[in-house]
Amino acid sequence: MRQVREFLRSVWSEPRAPHPPRRVRMDWVLVAAFAALGCLEVAIRRDLPWRIASLVLCIGLLPTLLWRRTRPLQMVVIAFGVLMAIQLAVMATGSASPGLYAMVYMVLLPYSLFRWGTGREAMIGLPIMVTSAALDMIRSHARTGDVIGGYAVLLSTMALGAAVRYRDGVRLRELDEAKLAERERIARDLHDTVAHHVSAIAIRAQAGLVAASARPEAPVDALRVIADEASRALGEMRAMVRLLRRGESAELAPSPRVADLGRLAGASATGAPVEVKLTGSFDDLPSSVSAAIFRLAQEAITNARRHARHATRIDVEVTADETSVRLRVTDDGQGAHAGHSTSAGYGLVGMIERATLLGGTCHAGPGPRRGWTVTAVLPRNGRTT
């Protein structure tokens, strides 16, 4: 019993699904299509007892489709509440019930409620929809098979909405994990670069203290402060990166740079050979940008070797000018492999995250003729967010 209460409590506290799309063109197409179907049904069916009332009911509830994502519970209450009121009036008067087959669009409302609504809204809307369906079956004296089939359709749409919601939730969590992993890699690269410079500062400051000991003057105090602050910053940075690396050591190591792209060139037993071409000056390139270009190229090459079918070469071109650094990685394989990369490790997501953090862009898509192309543009000054 406790497990049931905990489950209901967790469902009740479930937040709204993130980023529900507002009205899109397809919504208006649906409204127009079902309105046309309703008019056509009224025109060809001769057994309708309430022709005008049925058409008004069908078209009058169509606007609920426009707000079914942003206000799912309100739309369910309006649509199914109207149907409940009509069913009660029909049962009280004993007259025929208005309605059209075109009103099958109502199944979109329970789907949207469980796909986009909060857990509280879903639990409130569920009895409303079940009660409305029960009144309709009682009024029409539905057989057992019709009752089972009707509730099967209703519950199936709810289950489908919940399943799609769960699947998208898992995908969003995987995307967040991929971005976090890329941020950790960036932190490691920054540590490897900045810690090297901080260590040099500490060594220079200590050497200055030794040289100035013979004639103690004001610079001695300044050098002592520099040494203390540099050592403290290095210790704090190592502790931070140790946490980011989840227990791994934070030893100093040179960060990869654009010049290291030559290590990726040549033939490989796991895929097509790589050719690297560098154009421009990279001497004063910030370490963060240089490391990012290397990482982006490395990830693009890995994806191409893994997923580009029948590729015979992979070209890496890096061009630097006064304002930006451009990376272009192309292969001549067959078919698009971005989906494989994304599903396997969200590599493209990590690449985009790294480029965005440095104020740049990264795109991937089919090449103009064949293969796949990855392009990245980073500002030369290495702006980070």
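Residues numbered from 1 in each chain as written. Predicted model: local features only at pLDDT ≥ 70, side-chain atom pairs only at ≥ 80, totals over all residues. Heavy atoms only, no water.

(A) Region of the structure containing the environment of D136. If you trace the backbone, D136 turns up in helix α6 (residues 119-139). Separated by 39 residues in sequence, D136 and S97 have C-alpha atoms that sit 9.3 Å apart. Here Q87 takes part through its side chain, which lies 3.4 Å from a polar atom of the side chain of D136. (Helix = DSSP H or I, 4+ residues; strand = E, 2+ residues; numbered from the N terminus. Polar contact = N/O pair within 3.5 Å; in protein donor to acceptor, adjacent residues only side chain to side chain.)

(B) Here's a closer look at the packing of helix α4 (residues 72-93) against helix α5 (residues 108-116). Interhelical geometry of α4 versus α5 gives an angle of 155° and a closest axis separation of 9 Å. Viewed along their axes, α4 and α5 adopt a mutual orientation that is roughly antiparallel. Considering only the axes of α4 and α5, their crossing is left-handed. Contacts between α4 and α5 involve P72, L73, M75, V76, A79 and F80 on the former and, on the latter, L109, P110, S112, L113 and W116. Of the residues belonging to the contact of α4 with α5, the class tally is 10 nonpolar, 1 polar and no charged. (Axes fitted to C-alpha atoms, helices over the stretch in contact; angles between N-to-C directions. Parallel < 35°, antiparallel > 145°, perpendicular 65-115°, else oblique. Left-handed = near helix turned anticlockwise from the far one by under 90°. Contact = heavy atoms within 4.5 Å. Nonpolar A, V, L, I, M, F, W, Y, C, P; charged D, E, K, R; others polar.)

(C) Up close: a nonpolar patch on the surface. Taken together, the side chains of M1, V4, F7 and L8 make up a nonpolar region of the molecular surface, amounting to roughly 450 Å² of accessible area. Within the secondary structure, L8 sits in helix α1 (residues 2-12). (Patch = residues over 30% accessible without salt bridge, like charges linked within 9 Å, V, L, I, M, F, W, Y side chains within 5 Å. Areas by Shrake-Rupley, 256 points an atom, 1.4 Å probe, with all protein chains shown as cover. Salt bridge = Lys/Arg side-chain N within 4 Å of Asp/Glu carboxyl O.)

(D) Layout of the pattern of salt bridges. As enumerated under the stated definition, the model contains 12 salt bridges in all. Between E275 and R313 there is a salt bridge, with its nearest N and O atoms 2.9 Å apart. Placement of E275 in strand β2 (residues 271-279) and of R313 in the loop between α9 (287-307) and β3 (314-320) is noted, with a sequence separation of 38 residues between them. With a relative accessible area of 35%, R313 lands in the partly exposed category. Put simply, D27, R68 and R69 are held in one network by salt bridges that share partners. (Buried < 20%, exposed > 50% of the residue type's maximum accessible area, 1.4 Å probe, protein only.)

(E) Examining the pairing of β3 more closely. Within β3, 5 of the 7 residues are buried, which leaves the element mostly enclosed by the surrounding structure. As defined by bridge partners, β2 adjoins β3 across 6 bridges and the pair is classed as parallel. Its bridge partner lying in β3, V274 is registered against I314. A crossover links β2 with its parallel partner β3, the connecting element being α9, and its sense is left-handed. Note that β3 and strand β4 (residues 324-331) share 7 bridges and pair antiparallel. (Pairing = 2+ DSSP bridges. Right-handed = clockwise from strand over helix to strand, strands pointing away.)

(F) Molecular detail of the sheet that holds β2. As summarised here, the arrangement of the 6 strands in space is β1-β2-β3-β4-β6-β5, forming an open sheet in which the pairing is mixed. Where the open sheet ends on each side, the last strands, each with one partner, are β1 (266-268) and β5 (361-366). Pairs of neighbouring strands in the sheet enclose a mean axial angle of 15°, with direction left out of account. Packed onto the sheet, α9 meets β1, β2, β3, β4 and β6 (372-379) and runs at close to 10° relative to β4.

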